[in-house]
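Structure assessment
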Amino acid sequence: MYQNKSMRKLIIFIFFQCMMFIHHGVYAQKDYRVRSIHYAGNNILANDKLEEQLNTSARKKLHSLLFWKKHAEFSLSVLKNDIDRLKSYYIRNGFLNSNIDYSLDTLRSRKLIDITVLISENDFVRIDTVLFKGTLDSLAYTVLDSIQMNIASRLNQRFRDEDVFNTENLLLHHFSNAGYPFVQTHYQVLLDQQRKWATLIYDIEPGKRSFFGDINISGDTLIPESFISKRILFSKSDLYSQQQINKTQQNIFETELFQYVIINAIKDSVMDNNIPIEIYVKELPRYALEGGVGYGTEDRIRLSGQITRLSFLGGARRLVLKAKTSYWTPFSVGLSFIQPDLFVKNLDFSLNPFFEREREESYQIDRVGGGINFLYQLNKKTKLTLTYAVERDNLHELTDLELDEDELEYNKSILSLGRVYNSTNNKFYPTKGYILDGSVSYAGLGFGSDIQYYQFQFSLRNYLALSQNLNLALRFKTGVIQYVLNSDETPVEDRFYAGGASSLRGWSRHDISPVNEEGYAIGGNSLAEISSELRFPIYDIFGGVVFLDAGNVWSDAYQFSPASLHYDAGIGFRVKSPIGPIRLDMASPIIKDSFDFQFFISIGQTF
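Predicted model only: the values in this text are computed from it and were never measured. (Residues numbered from 1 in each chain as written. Predicted model: local features only at pLDDT ≥ 70, side-chain atom pairs only at ≥ 80, totals over all residues. Heavy atoms only, no water.)

Let's talk about the overall build of the chain
Definition in use: Secondary structure elements follow DSSP: runs of H or I of four or more residues count as helices, runs of E of two or more count as strands, with numbering from the N terminus. Here, residues are in contact when the closest pair of their heavy atoms is within 4.5 Å. Per-residue accessibility takes into account occlusion by the displayed protein chains alone, with areas from the Shrake-Rupley method and a 1.4 Å probe. Under the counting rule used here, the positive set is Lys and Arg, the negative set is Asp and Glu, and His together with the chain ends is not counted. Each charge is placed at NZ for Lys, CZ for Arg, CG for Asp and CD for Glu.
Secondary structure assignment for the chain yields seven helices and 25 strands. In terms of overall dimensions, the chain has a C-alpha envelope of 120 × 75 × 40 Å along the principal axes. Considering only intrachain contacts with a sequence separation of at least 6, the fraction spanning at least 24 residues in the chain is 58%. For the chain, the computed accessible surface area is about 33,600 Å², with 55% contributed by carbon and sulfur atoms. In the chain, 65 side chains carry a positive charge and 70 a negative one; their mean positions are 12 Å apart.

Shown next as structure tokens:
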């Protein structure tokens, strides 16, 4: 009888263990790994936001190409902690009565687990009232009125902790920039759980209205104090603004003369509501030497060097000597004298003598000359340039280009006006924004120029974030060059060519070009290129792209013909580095051109 009761208890125990086994899978078994994580029942909070809360991770679909990399190990205790984290995350986002559970499904033969997170979001809490109170004077009320429309916590919206914190930070930011550096804020959340409404109360204590006091400049530098003072954007007795302090710090640092710039408001030394300001700077070494070596399938071995002399002739003036060599540019050396803030702020002047030897398959050219350049930084995104350059060119035919003797050596002068607008979010790895680059040039103004032509160039690069891990890059580029006056053709070295690592990648460098009777590339006077590139991560610093290019070069100016465009398609591999991605691209012509794969190695984005 006793044995029967014991057997019955054992059977019941095994039955309940089996039920737990069915619900939660074979989590007790060792060496299980996570194959996938799915979410069910979440209608408002997105999967990617929920995924950020989890320590349990599944391999991305793109990572399945890395067959040698194992799936992440499964831990039931970690998963349970993740479920608790999700519950807290839902509460912080206004879902006080959400229910979250999980189920496990196993593939016994491969010891892989599929996790499904089961979610019942239920109703969320809405914001009913937002109140501001405190000892506010008339100016403080003006500041408060100016930010009412920008606060994150809005009436009838879903309550979120993040919005509450953002609103508090917004209050601190605006008050500290309007003469209240000692502002303090506190908030309360009054919750009506039955009605699911929340009342937010922000208590603001702005403190005394303050002004800038004495400004003291010190540090390890030989730069005149007067030069630094010109870049300070506030004066003694101005209304205190933390934003003006931050902008001044950036303004001084952007002179590229200092290792660091520190600006402190001495708030514990306030006298008559005036706050003393301490500016400490540490100067960069007067001489800086830089060098680089690289390799690309086009340029082959590349060597470069640069010597910079800071504070040349005093102030922020710089003298820069640059030299480089590669297969297509055997020798190039240039000297730049740079004078920042010429006459007005943000207007930089430079004088640039140079000597350069370039070679192509059919010719070699030596250029010697110089130029003056004005660069005006209109704002953070927009630059304007005005350049006037003169040079003496000596052209050597390496093949039969059918050039006359008097065309092999000539003077050239070029006046150029350009504009660049850049709204991208990253210099080397942009995912948002666009770059608009345009210029107009005229050759033949003064200094006995033997060449007369005008040229237009325009390019647009646009970057779109399609998802968290998928970006689309687009480029359109065009140009026209037209001879005028006494010239009967444009210089072969200034014409347009297409094809190569940064152009149409289905062709080698300058392969797309009009040719002469002997079949040598002689360039054209009209250019159009269109490219699209889908960029995605693979693993860690590694990424990939698929791309499509189209374009052509035509002999005559304004001779655009969409029917004669060339097309290519390809794939690429990217490795992130501090100076931009290392690129490996493989592409082939498509549609009307015969397949012929090209392979490129280079550094930097294609566009």
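There is more to say, and it comes next.
Describing the sheet that holds strand 1 (residues 33-40)
Defined as follows: Only strands that DSSP links by at least two bridges are regarded as paired with each other. To get an axis, fit a line to the C-alpha atoms, keeping to the stretch in contact for a helix; angles then go from 0 to 180 degrees between the N-to-C directions.
Within the open sheet, the three strands sit side by side as 1-3-2. Their pairing is mixed. Unpaired on one side and paired on the other, strand 1 and strand 2 (99-107) mark the two borders of the sheet. Across the sheet, the mean angle separating the axes of adjacent strands is 20° when strand polarity is ignored. Where strand 1 and strand 3 (residues 112-120) come together, seven bridges link them in parallel fashion. For Ser36, the partnering residue across the bridge sits in strand 3 and is Asp114. In the packing of helix 3 (residues 76-92) onto the sheet, contacts are made with strand 2 and strand 3, and the angle to strand 2 comes to roughly 150°.

Thoughts on the packing of aromatic side chains
Put simply, the test is: Note on aromatic contacts: the rings of Phe and Tyr and the six-membered ring of Trp form a pair at centre separations within 6.5 Å, being stacked when their planes are under 30 degrees apart, edge-to-face when over 60 apart, and tilted otherwise. Throughout this description, buried means an accessible area under 20% of the type-specific maximum (1.4 Å probe, protein chains only), exposed means over 50%, and partly exposed covers the range between. Each ring is checked for a lysine NZ or an arginine CZ that lies within 6 Å of its centre and within 35 degrees of its normal; such an atom marks a charge sitting over the ring.
All chains considered together, the criterion is met by 19 aromatic pairs. Ring centres of Phe331 and Phe355 lie 6.0 Å apart, and the angle between their planes is 45°; this geometry places the pair in the tilted category. With Phe331 in strand 13 (residues 331-339) and Phe355 in strand 14 (residues 347-359), this residue pair connects regions lying 24 residues apart in the sequence. Using a relative accessible area of 27% as the deciding quantity, one classes Phe355 as partly exposed. Aromatic side chains Trp554 and Phe560 sit 5.5 Å apart centroid to centroid with 75° between the ring planes, which places their arrangement in the edge-to-face category. Classification of Phe560 as partly exposed rests on a relative accessible area of 37%. Aromatic ring contacts, followed pair by pair, group Phe132, Phe165, Tyr187 and Tyr202 into a single cluster. When the ring centre of Tyr327 is taken as reference, the NZ or CZ atom of Arg300 above it lies at 3.6 Å. In this structure, Arg359 packs its charged tip against the face of Tyr327, placed 4.3 Å from the ring centre.

Examining the environment of Leu534
Inspection of the secondary structure assignment puts Leu534 in strand 21 (residues 526-539). Residue Leu534 is classed as partly exposed on the basis of its relative accessible area of 26%. For the pair formed by Leu534 and Arg160, sequence separation is 374 residues and the distance between their alpha carbons is 34 Å. Residues contacting Leu534, with those up to four places away along its chain left out, are Leu466, Leu470, Asn471, Leu472, Gly544, Val545 and Val546.

Looking at the confidence of the model for the chain
Formally: Values of pLDDT, the confidence the predictor places in each residue, fall between 0 and 100.
Across the chain, pLDDT averages 89, with 91% of residues at or above 70. In this model, residues 9-29 is a region of pLDDT below 50 whose contacts with residues beyond four sequence positions or in other chains number 17 contacts.

Observations concerning a nonpolar patch on the surface
Defined as follows: Two distance rules govern patches: like charges are joined within 9 Å, and nonpolar side chains (Val, Leu, Ile, Met, Phe, Trp, Tyr) within 5 Å, applied only to residues with over 30% relative accessible area and no salt bridge. Whenever a carboxyl oxygen of Asp or Glu lies within 4 Å of a side-chain nitrogen of Lys or Arg, that contact is scored as a salt bridge.
A cluster of nonpolar residues, Leu386, Leu415, Leu417, Val440, Leu445, Phe456, Tyr558 and Phe560, forms a patch on the protein surface that exposes about 670 Å² of accessible area. Assignment of secondary structure puts Phe456 in strand 19 (residues 453-467).

Remarks on helix 3
To keep things clear, this is the line we draw: The span you would expect from a helix comes to 1.5 Å times its residue count less one.
The end-to-end C-alpha distance of helix 3 is 24 Å, a good match for the 24 Å that 17 residues give at a rise of 1.5 Å each. Close packing links the buried residues of helix 3 with helix 2 (47-51), strand 2 and strand 3. Positive phi appears at Gly94, one or two residues downstream of helix 3, with a value of about 95°.

A closer look at the sheet that holds strand 9 (residues 274-283)
Adjacent strands of a sheet form backbone hydrogen bonds with each other and so pair up, either parallel or antiparallel. Taken in spatial order, the three strands line up as 7-9-8 in an open sheet, and their pairing is mixed. What marks the edges here is a single partner per strand, and that holds for strand 7 (211-220) and strand 8 (258-265). Put simply, the sheet's adjacent strands are angled 15° from each other on average, direction ignored. Note that strand 7 and strand 9 share eight bridges and pair parallel. Across the sheet, residue Ile217 finds its bridge partner in strand 9, namely Ile279. Helix 7 (residues 242-253) rests against strand 7, strand 8 and strand 9 of the sheet, and its axis sits at about 160° to strand 8.

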